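The residues making up each chain are set out below.
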Amino acid sequence: MAIRREDTADCFVMPGKMVLPVQYFAGRVGSKFIISLRDDKKILGVKCPKCDKVYAPPREFCEKDLAKLDENWVELGNEGIITNYTIVNYNDRHLPLKAPYILALIKVDGADTPFAHIVSGIDPDQVTIGMRVKAVFAEKTTNTILDIAHFVPVID
Amino acid sequence: MKRVAICAVAQHRIESDIWYKRFQGMLLDVLEDLQKQTGFTFGENGVFDIVSCSDDFFDARTISNNGVCDAIGGHYRGEDKMAQEGLNGIGYAMALILSGHDDLVYLPGHCKESQAESRNMNANLAYDPFYCRCLGLDYLNAAGLQARAYMQKAKITEEQLAKIVVRARQWAARNPYANETKQLEIGDVMYSPMLCDPIRTLHAYPVSDGAVGLLLASEERAYEFTDNPVWITGFGNCMDSYFLGDRDLSVSFALKKAAAQAYKMAGITSPAKKVDLVELMDCYAYQQPMWLEGLGLCEDGQGGRFLDENGPARYNVNLSGGMLTGRPLMIGGLYGAAEAVLQLKGQAGEHQASDVNCAVVHSTTGGAGQFQTVLVLER
Ligand SMILES: [Zn+2]
């Protein structure tokens with residue numbers, strides 16, 4: 001059908017903002033992971049007793065076989081490799097940094113699954129897949145994965 | 001098996017900022033168009049069950065269907081909301097009819113992406129607060145990660161991506177409902193600013209507002225509303241892992257599963273031989289060959305070669321212009337279904353393909369194609 005662009009005199013658009021204070025339980029698994037980052041500067045994962053997969057970040061169940069994982073904690077390395085990356089070249093309110101910044105998937109030593117995080121301390125043009133990086137822990141806790149502030153390249 | 005028909009479709013023209021029209025008004029136009037085409041009514045012997053599709057965050061109110069029920073005939077009768085991309089509403093409506101619960105279903109969907117200051121900010125809220133949201137993950141940067149993984153695997157070049165966008169705009173120009181029809185040269189796309197490396201600005205679909213509606217009926221009742229019904233012969237969907245790092249982003253596991261389910265239902269053993277036309281939800285240019293791999297129309301990891309061999313033209317992919325020229329996120333697949341129905345009915349006007357007997361419609365939601373849906377339509 002043809003769009004009818006009606007007379008728009010005296011039409012107004014109401015600006016709004018959805019502000020909704022909420023609380024959200026990190027879960028016992030998530031709490032332990034974050035407390036370990038915050039207090040011990042250690043990255044924890046969980047290993048599936050059925051399929052041996054080491055998950056990072058940790059979770060309560062294995063999505064493949066639904067085995068319980070929360071008794072099978074594994075201490076992972078604070079270093080790892082970049083398995084994939086993108087350079088965020090746009091700015092927006094939900095982004096933690098000003099563009100451009102590197103958002104990468106990082107597989108820390110001992111984990112089977114990489115997880116997303118920020119890579120700093122390097123020009124975005126210089127990042128490569130396979131690059132070795134290490135966690136830099138945040139000075140102030142936010143009780144999220146940002147208790148690792150970002151990863152930086154390991155310089156041999 | 002009993003068959004379910006799509007009798008008719010109505011599309012509202014897509015634009016990037018329909019600020020001067022409420023989505024309720026857009027839906028009313030769609031309804032009036034569809035009633036004019038088919039003569040369907042509500043009430044006695046008419047539609048009793050409505051499956052609507054909308055999104056709380058884009059509408060900025062929860063239970064978003066509550067805001068449109070009057071405009072879709074949803075007061076005084078049955079109404080269910082599909083809180084997922086609209087193609088899944090077709091699967092649900094099909095199940096309502098196949099189960100014998102009802103024999104006639106009206107399926108409207110709407111989404112005004114422009115109501116959000118930033119659709120990326122909306123997508124960020126789809127992520128958990130501890131591991132992903134705080135990193136700024138959204139559907140664009142998740143796609144950026146997938147684009148790198150897939151392009152490397154399937155050997156996709158910048159020039160090939162540019163050609164996909166140029167072709168999409170050429171087809172969109174023939175579609176009266178399409179959003180972005182400005183014609184482009186390959187160089188315009190190749191040198192458009194980097195948005196989320198390797199995704200460039202012109203590789204991404206424009207912000208889009210729209211509304212679309214379909215009338216579904218049992219085989220017994222379909223001919224009351226149309227002389228040439230289109231039959232739903234296959235439907236399938238599949239959810240992949242949530243964490244991007246849990247997945248091989250270069251392959252669409254979920255789409256392969258969804259397609260296998262849909263093809264099995266349709267009795268299709270060789271989609272490459274059977275499928276005449278495809279409507280894909282390609283939000284970013286790299287997704288066009290990637291989803292075609294998932295649908296089994298292009299060999300695994302051969303997207304680059306497939307593009308050089310004009311695969312998208314061979315399968316009549318997105319003759320409407322597709323998602324790349326602008327469709328709203330939550331109804332991208334529903335618009336694709338409407339276009340495929342027009343093609344199968346021979347009513348697609350200037351972008352009509354010849355001899356279309358079997359069409360495949362695809363949609364996706366979630367980061368980097370986490371959730372995938374496939375619909376098979378035949379005439
Ligand atoms: Zn397991």
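Residues numbered from 1 in each chain as written. Chains lettered and ligands numbered in written order. Predicted model: local features only at pLDDT ≥ 70, side-chain atom pairs only at ≥ 80, totals over all residues. Heavy atoms only, no water.

> Mind laying out the nonpolar core, listing which residues take part and the relevant values?
In this structure, Ile43 and Phe151 of chain A together with Ile90, Leu216, Tyr286, Leu295 and Leu377 of chain B are the most contacted members of the largest nonpolar core, which totals 150 residues. Looking at this core, the element that brings in the most residues is helix α5 (residues 139–154) of chain B, giving ten residues. Within the second largest apolar cluster, 26 residues are counted, among which are Met26, Leu31, Ala211 and Trp231 of chain B. (Core = buried A, V, L, I, M, F, W, Y, C linked by side-chain atoms within 4.5 Å. Buried < 20%, exposed > 50% of the residue type's maximum accessible area, 1.4 Å probe, protein only. Helix = DSSP H or I, 4+ residues; strand = E, 2+ residues; numbered from the N terminus.)

> For the side chain of Arg200 of chain B, give the residues involved together with the corresponding values.
Residue and element names in this part refer to chain B. Mapped onto the fold, Arg200 is located in strand β6 (residues 199–200). At 2.9 Å, the side chain of Arg200 forms a polar contact with the backbone oxygen of Ser192. Every residue in contact with Arg200, bar those within four places of it in the chain, is listed here: Glu158, Val189, Met190, Tyr191, Ser192, Pro193, Met194 and Leu195. (Polar contact = N/O pair within 3.5 Å; in protein donor to acceptor, adjacent residues only side chain to side chain. Contact = heavy atoms within 4.5 Å.)

> Residues and numbers for unusual backbone geometry, please.
In this model, Ala56 of chain A is joined to Pro57 of chain A through a cis peptide bond whose omega is -5°. Position of Pro57 of chain A among the secondary structure elements: in the loop between β2 (54–55) and β3 (73–76). The omega torsion across Asp197 of chain B and Pro198 of chain B is 10°, close enough to zero to call that bond cis. For Pro198 of chain B, the position within the fold is in the loop between β5 (194–197) and β6. In this structure, Asn45 of chain B takes a positive phi of about 60° despite not being glycine.

> An account of the side chain of Asp240 of chain B is needed here, citing residue identities and associated values.
For Asp240 of chain B, the position within the fold is in the loop between β8 (230–239) and α9 (253–266). Each residue touching Asp240 of chain B, except ones within four places of it in the same chain, is listed here: Arg247, Phe253, Ala254 and Gln370 of chain B.

> Quick one: what's the story with the coordination of the zinc ion, residue by residue and with numbers?
Residues and elements named next belong to chain A. The zinc ion binds to the protein through Cys48 (SG), Cys51 (SG), Cys62 (SG), Asp65 (OD) and Asp65 (OD); the donor distances cover 2.2 to 2.7 Å. Binding-site remark: the zinc ion is held by donors from one chain whose sequence spacing is C-x2-C-x10-C-x2-D. In this pair, Cys48 is assigned in the loop between β1 (43–47) and β2 and Asp65 in the loop between β2 and β3, connecting sequence segments 17 residues apart. You can call Cys48 buried: its relative accessible area is 1%. (Donors = N, O, S within 2.8 Å, 3.2 Å for Na, K, Ca; no water.)

> Describe the packing of aromatic side chains, and please don't skip the residues or the numbers.
Inspection of every chain in the model, using the stated rule, returns 15 aromatic pairs over all chains. Ring centres of Tyr131 of chain B and Phe243 of chain B lie 5.9 Å apart, and the angle between their planes is 65°; on these two criteria the pair is classed as edge-to-face. Placement of Tyr131 of chain B in the loop between α4 (119–124) and α5 and of Phe243 of chain B in the loop between β8 and α9 is noted, with a sequence separation of 112 residues between them. Take Tyr131 of chain B and Phe243 of chain B: they sit in the same class, and that class is buried. Relative to Tyr315 of chain B, the ring of Phe306 of chain B has its centre 6.2 Å away and its plane inclined at 15°; by these criteria the two rings are stacked. Aromatic ring contacts, followed pair by pair, group Tyr24 and Phe33 of chain A together with Tyr127, Phe130, Tyr131, Tyr139, Tyr242 and Phe243 of chain B into a single cluster. (Phe/Tyr/Trp six-rings, centres within 6.5 Å; stacked < 30°, edge-to-face > 60°.)

> Could you give me a rundown of the state of the cysteines, with the residues and numbers involved?
Residues and elements named next belong to chain B. Scanning the model with the defined rule gives zero disulfides over all chains in all. For the unlinked cysteine Cys53, the closest cysteine sulfur is that of Cys111, found at 8.2 Å. Take Cys134: it sits in no disulfide, and the sulfur closest to it among the cysteines is that of Cys132, at 7.7 Å. Judged by its relative accessible area of 17%, Cys134 is buried. (Disulfide = S-S within 2.5 Å.)

> Help me get a handle on the sheet that holds β3 of chain A, residues and values and all.
Residue and element names in this part refer to chain A. The antiparallel open sheet is built from three strands, whose spatial order is β2-β1-β3. Of all the strands in the sheet, the pair left with one neighbour each is β2 and β3. In terms of strand pairing, β1 meets β2 through two bridges, oriented antiparallel. Within β2, the position partnered with Val46 by the bridge is Tyr55. (Pairing = 2+ DSSP bridges.)

> Would you mind going over the environment of Phe115 of chain A in detail, with residue names and values included?
All names here are of chain A. Along the chain, Phe115 falls in strand β6 (residues 115–119). For Phe115, a relative accessible area of 4% corresponds to the buried category. Once the C-alpha coordinates of Phe115 and Ala104 are considered, the two residues, eleven residues apart in sequence, prove to be 8.0 Å apart. The residues touching Phe115, leaving out its near neighbours within four places in the chain, are Ile43, Ala56, Pro57, Ala104, Leu105, Ile106, Val108, Ile145 and Phe151.

> Give me the lowdown on the interface of chain A and chain B, citing residues and values where you can.
Facing the 46 residues of chain A at the interface are 46 residues of chain B. When chain A packs against chain B, close to 3,900 Å² is buried across both sides, 62% of that on carbon and sulfur atoms. The interface formed by chain A and chain B contains two salt bridges. We note a salt bridge from Asp246 of chain B to Arg59 of chain A, for which the minimum N-O separation is 2.3 Å. Along the contact surface separating chain A from chain B lie 15 residue pairs in polar contact (both at pLDDT 80 or more). Listing elements by their share of the side of chain A that touches chain B, those giving two or more residues are α1 (27–40), β4 (79–88), β5 (101–108) and β6 of chain A. The element contributing the most residues to the side of chain A that touches chain B is β4 of chain A, with five residues. For the side of chain A that touches chain B, a count of residues per class yields 28 nonpolar, ten polar and eight charged. Relative to β5 of chain B, β4 of chain A is paired through two bridges, and the arrangement is antiparallel. When the bridges of β5 of chain B are listed, Val88 of chain A appears paired with Cys196 of chain B. (Buried area = accessible area lost by both parts, 1.4 Å probe. Salt bridge = Lys/Arg side-chain N within 4 Å of Asp/Glu carboxyl O. Nonpolar A, V, L, I, M, F, W, Y, C, P; charged D, E, K, R; others polar.)

None of the figures reported here should be taken as evidence of function without further support.
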